[in-house]
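Letter by letter, the chains look like this.
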Amino acid sequence: MTEPVAGPRHLVVWWLRAVFGVIGLAAFILGYVGFDRLLQARPGTAHDPYDVLYYDLQLFVFGAEPFQNAGPYPWQLQVARFAAPLFTLLAVAEASRLLLAAESRRLRARRARGHVLVCGDSQFAHMLADRLFADGERVVVVRSEPFGPLEYRLRRYLGVVGDPASPQVLRGAGLSRAHTIYACSEDDDRNHAIANTASRLVQDRRQPPRVYVLVHDSEMCLSLQARRLGAAGSSRLRLDYFHVDDVAARALHRHHPLPPAGGRPTKVLIAGTGVFRRALLVETARHWRARRADAPPGHVVPPLRVDLVAPDASAELAVAASRYPFLTTVCQLTAYNLDLDGLVGLAQLERDRYDRIYVCAPDETSGLQFVLDTPALWQSAESSVFVPVYQQAALAAAFHGDSRHDLLDEVHGKLRLYPVLTRACDARLIAEDLTERLARLIHERYLQTQHRAGVRPGDAPAMVEWSRLPESLRRANRAHVQDIAAKLLSLGCVVAPRRGGTGDACAAGQVIDDRIEELARLEHERWCRERRGEGWTYGEPRDDARRRHPALRPWDELPPDVQEQNREEIRALPDVLSDSGFELIRLAPAVPAQRRGPGDAG
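### Points about the state of the cysteines
- All chains considered together, the criterion is met by 0 disulfides.
- Unpaired in this structure, Cys184 has its nearest cysteine sulfur neighbour in Cys119, at a distance of 7.9 Å.

Put into structure tokens, the structure is as follows:
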């Protein structure tokens, strides 16, 4: 679990408590000295240190026997007789605040607005809540285990105790006013139950929250994403499933991009059979593809050389390449069917120098031990040897703290422990869900098509990269993705994870070609409904300030180049899906009745 961040308010409270403690200690000392002097000044009064101590303690309960006689009193006692009751009142107020903290937080959670809801008792849920709070989000945590008083004090986010799948508990956590919900328990079925409950509770909300469901099996996660993609058009809920390996692999190259090779092919070695290797291989290839796309004109970036060392290396590369066809166009893949011990004697390890080495052992402790005990790996790595870890984030921090807190030697920067769970707690990357990634890919293909047609960047509002695209155009691309379900229903097709030739993918591609005109027309009509829903009208020339667009007219009145643009978007659908590991499978030769969307009524 990540450590809570001490903010300015926490420091102020700490200093106030320190001042209260000083007041109490000063009252006790001054009271003892004052009573001792008072009793000595009164003739005929017998006393001993225990009597003085007893009278001193009575100051804290608003009275003491010597005060029954008139003064004068020593100045020490005059100060103590006011300071001691003040300390008592402060102590009672603090105790009341702690006793009522749970109830106060429950009421604040119910009334929360614009917050993030994190559901679950898992380590990842705790880490994600801490990270979101550190990033400035208002966080409400729902879990079945009670919160301790110290945890309430250290972690300033709100907490609700109960079953996260219960409608009453989620209402008490302010679900209807949350903007994002994370279902992150250790049990996948519990996470699905949380998503089901959230869907029922927000079905009438104008802008329902985003719901992200953690799935612990990567293959199941991909299959559920396919089924969600096929049903996205029937639900207004923005729902996606995620796996920590996929998120952490995307984060890896953002934090640690591949170093330039300097005039030679870049080489990467992935060793081991750990679960992280598939996500690592795919995201490494995507990272390299983006680098090739960003290369200046005339500069050719060669394919990335990737060597996989594992007992099942050949089978793993065959499965990965069949699911993600772009791997073979971006990378030069080589398999070595060896275990980790055989890696030491690999000729390529002795002859070549890899720009980066990843060791993904099924047991992270043994994998780390192997790297620590194998200097040949350090010598063969130009930059670093990465070891993904799940349960040893504290050890990673010991290796990679700042200059004052580096507890362990990084072997001159060669050794790099990569904390998977810590890096996966990135809300921005989790928010780049399947809908977002497909929408971005559609936009990138649009840019490529327009560039080939001679349109230069900046000539139109949409001719910019995704990060600079206006939000209204991003929503249009997301709506295009969410309408894939309606198109698939019209085609009698479904989306499924690519299995390397299984199913009837060729038939699905053929049915798209056979009905390209109808599908392009339907896409244009959908786009017109979506644009008109945002207040756009027909007008020439295009005027974004006044929301006028020349393409907002019937299909038959469109210029041929605009019609062809719609056809290209439909033709690109299989390629867009294959980039994320999916394919179209045709199930029914007959075309079912089309599903009516919100804009079809009337």
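### Section: the nonpolar core
- Counting 96 residues, the largest nonpolar core has Phe124, Tyr182, Ile270, Phe276, Tyr358 and Leu577 as its most contacted members.
- If one sorts the elements of this core by residue count, helix α11 (residues 276-293) sits on top with 7 residues.
- Setting aside residues up to four positions removed in sequence, Ile270 forms contacts with Arg277, Leu280, Leu281, Val306, Asp307, Leu308, Val309, Tyr358 and Cys360.

### Structural notes on the packing of helix α25 (residues 516-533) against helix α26 (residues 560-571)
- Contact geometry of α25 with α26 gives a least axis separation of 9 Å together with a crossing angle of 105°. In terms of axis orientation, α25 runs roughly perpendicular to α26. Residues Ile516, Glu517, Leu519, Ala520, Glu523 and His524 of α25 form the contact with α26, whose participating residues are Asn566, Arg567, Glu569, Ile570 and Arg571.
- Residue classes in the contact of α25 with α26 are distributed as 4 nonpolar, 2 polar and 5 charged.

### Some points on the sheet that holds strand β5 (residues 210-214)
- Overall, parallel pairing links the 6 strands, which are arranged β3-β2-β1-β4-β5-β6 in an open sheet. A single partner strand is all that each edge strand has here, and the edge strands are β3 (158-161) and β6 (238-242). Recorded for the sheet is a direction-independent mean angle of 15° between the axes of neighbouring strands.
- Pairing analysis gives 4 bridges linking strand β2 (residues 139-143) to β3, with the strands arranged parallel. What sits directly across from Arg143, in β3, is Val161.
- The strands that helix α5 (residues 123-134) touches are β1 (116-119), β2, β4 (180-183), β5 and β6; relative to β2, the one it contacts most, it runs at about 170°.

### Notes on the sheet that holds strand β7 (residues 267-271)
- The sheet built from 6 strands is open, its strands ordered β9-β8-β7-β10-β11-β12 with parallel pairing. Either end of the sheet is taken by a strand with one partner, and the two such strands are β9 (331-336) and β12 (415-419). On average, each strand axis in the sheet is inclined to that of its neighbour by 20°, with strand direction left out of account.
- Pairing between strand β11 (residues 381-389) and β12: 5 bridges, direction parallel. Bridge pairing in β12 links Phe386 to Arg416.
- Helix α10 (residues 244-255) rests against β10 (354-359) and β12 of the sheet, and its axis sits at about 155° to β10.

### Things to note about the packing of aromatic side chains
- For the structure on display, the rule yields 6 aromatic pairs.
- Pairing Tyr324 with Phe326 gives two aromatic rings, centres 6.3 Å apart and planes at 75°, and the pair type is edge-to-face.
- One Lys or Arg, Arg289, reaches over the ring of Phe326 and ends 4.5 Å from the middle of that ring.

### With respect to the packing of helix α22 (residues 471-482) against helix α23 (residues 484-491)
- Following both chains from N to C, one finds α22 and α23 inclined at 30°, their axes separated by 4 Å at the closest point. Taken as axis vectors, α22 and α23 run roughly parallel relative to one another. For the pair α22 and α23, contact is made by His480, Val481 and Gln482 and by Ile484, Ala485 and Lys487, respectively.
- A per-class count over the contact of α22 with α23 returns 3 nonpolar, 2 polar and 1 charged.

### Details of the environment of Ser122
- Looking at where Ser122 falls in the secondary structure, it is placed in the loop between β1 and α5.
- Contact partners of Ser122, with chain neighbours within four places excluded, come to Cys184, Ser185 and Glu186.
- A polar contact of 3.1 Å, which involves the side chain of Ser122, links it to the backbone nitrogen of Ala125.

### Focus on the side chain of His443
- With respect to the secondary-structure elements, His443 resides in helix α21 (residues 434-452).
- A polar contact is formed between the side chain of His443 and the backbone oxygen of Val464, at a distance of 2.6 Å.
- With near-sequence residues (within four places) excluded, His443 lies in contact with Ala462, Val464, Glu465, Trp466, Leu469 and Asn477.

### A look at the pattern of salt bridges
- As enumerated under the stated definition, the model contains 38 salt bridges in all.
- With its nearest N and O atoms 4.0 Å apart, the salt bridge here joins Arg131 to Asp426. Taken together, the residues span a long stretch of sequence, with Arg131 in helix α5 and Asp426 in the loop between α19 (420-424) and α20 (427-431) at a distance of 295 residues.
- Linking Arg567 and Glu517 is a salt bridge whose minimum nitrogen-to-oxygen distance equals 2.9 Å. Residue Arg567 is found in helix α26, and its partner Glu517 is found in helix α25; the two are separated by 50 residues along the sequence.
- On the basis of relative accessibility, which here comes to 13%, the residue Arg567 falls in the buried class.
- Ionic contacts of the salt-bridge type, sharing partners, join the residues Glu219, Arg277, Arg278, Asp312, Glu316, Arg323 and Arg499 into one network.

### Side note on the environment of His243
- Turning to its location among the elements, His243 is positioned in the loop between β6 and α10.
- The exposure class assigned to His243 is buried, which follows from its relative accessible area of 6%.
- On a C-alpha basis, the gap between His243 and Ala279 in space is 9.8 Å, while along the polypeptide they are 36 residues apart.
- Excluding residues within four positions of it along the chain, His243 makes contact with Val215, His216, Asp217, Ser218 and Cys221.

### Quick look at the environment of Tyr358
- By the element assignment, Tyr358 lies in strand β10.
- It is 9.7 Å that separates the C-alpha atoms of Tyr358 and Leu308, two residues lying 50 residues apart in sequence.
- With sequence-adjacent residues up to four places away left out, Tyr358 is seen in contact with Leu252, His253, Leu258, Val268, Leu269, Ile270, Ala271, Leu280 and Phe386.
- Within the structure, Tyr358 has its side chain in polar contact with the side chain of Arg356 (distance 3.2 Å).

### Some words on the pairing of β6
- Burial runs high along β6: 5 of the 5 residues are buried.
- Across 5 bridges, β5 lies against β6 in parallel orientation. From the neighbouring strand, Tyr212 faces β6, where its bridge partner is Asp240.

Calculation notes
Residues numbered from 1 in each chain as written. Predicted model: local features only at pLDDT ≥ 70, side-chain atom pairs only at ≥ 80, totals over all residues. Heavy atoms only, no water. Disulfide = S-S within 2.5 Å. Core = buried A, V, L, I, M, F, W, Y, C linked by side-chain atoms within 4.5 Å. Buried < 20%, exposed > 50% of the residue type's maximum accessible area, 1.4 Å probe, protein only. Helix = DSSP H or I, 4+ residues; strand = E, 2+ residues; numbered from the N terminus. Contact = heavy atoms within 4.5 Å. Axes fitted to C-alpha atoms, helices over the stretch in contact; angles between N-to-C directions. Parallel < 35°, antiparallel > 145°, perpendicular 65-115°, else oblique. Nonpolar A, V, L, I, M, F, W, Y, C, P; charged D, E, K, R; others polar. Pairing = 2+ DSSP bridges. Phe/Tyr/Trp six-rings, centres within 6.5 Å; stacked < 30°, edge-to-face > 60°. Lys NZ or Arg CZ within 6 Å of the ring centre and 35° of its normal. Polar contact = N/O pair within 3.5 Å; in protein donor to acceptor, adjacent residues only side chain to side chain. Salt bridge = Lys/Arg side-chain N within 4 Å of Asp/Glu carboxyl O.

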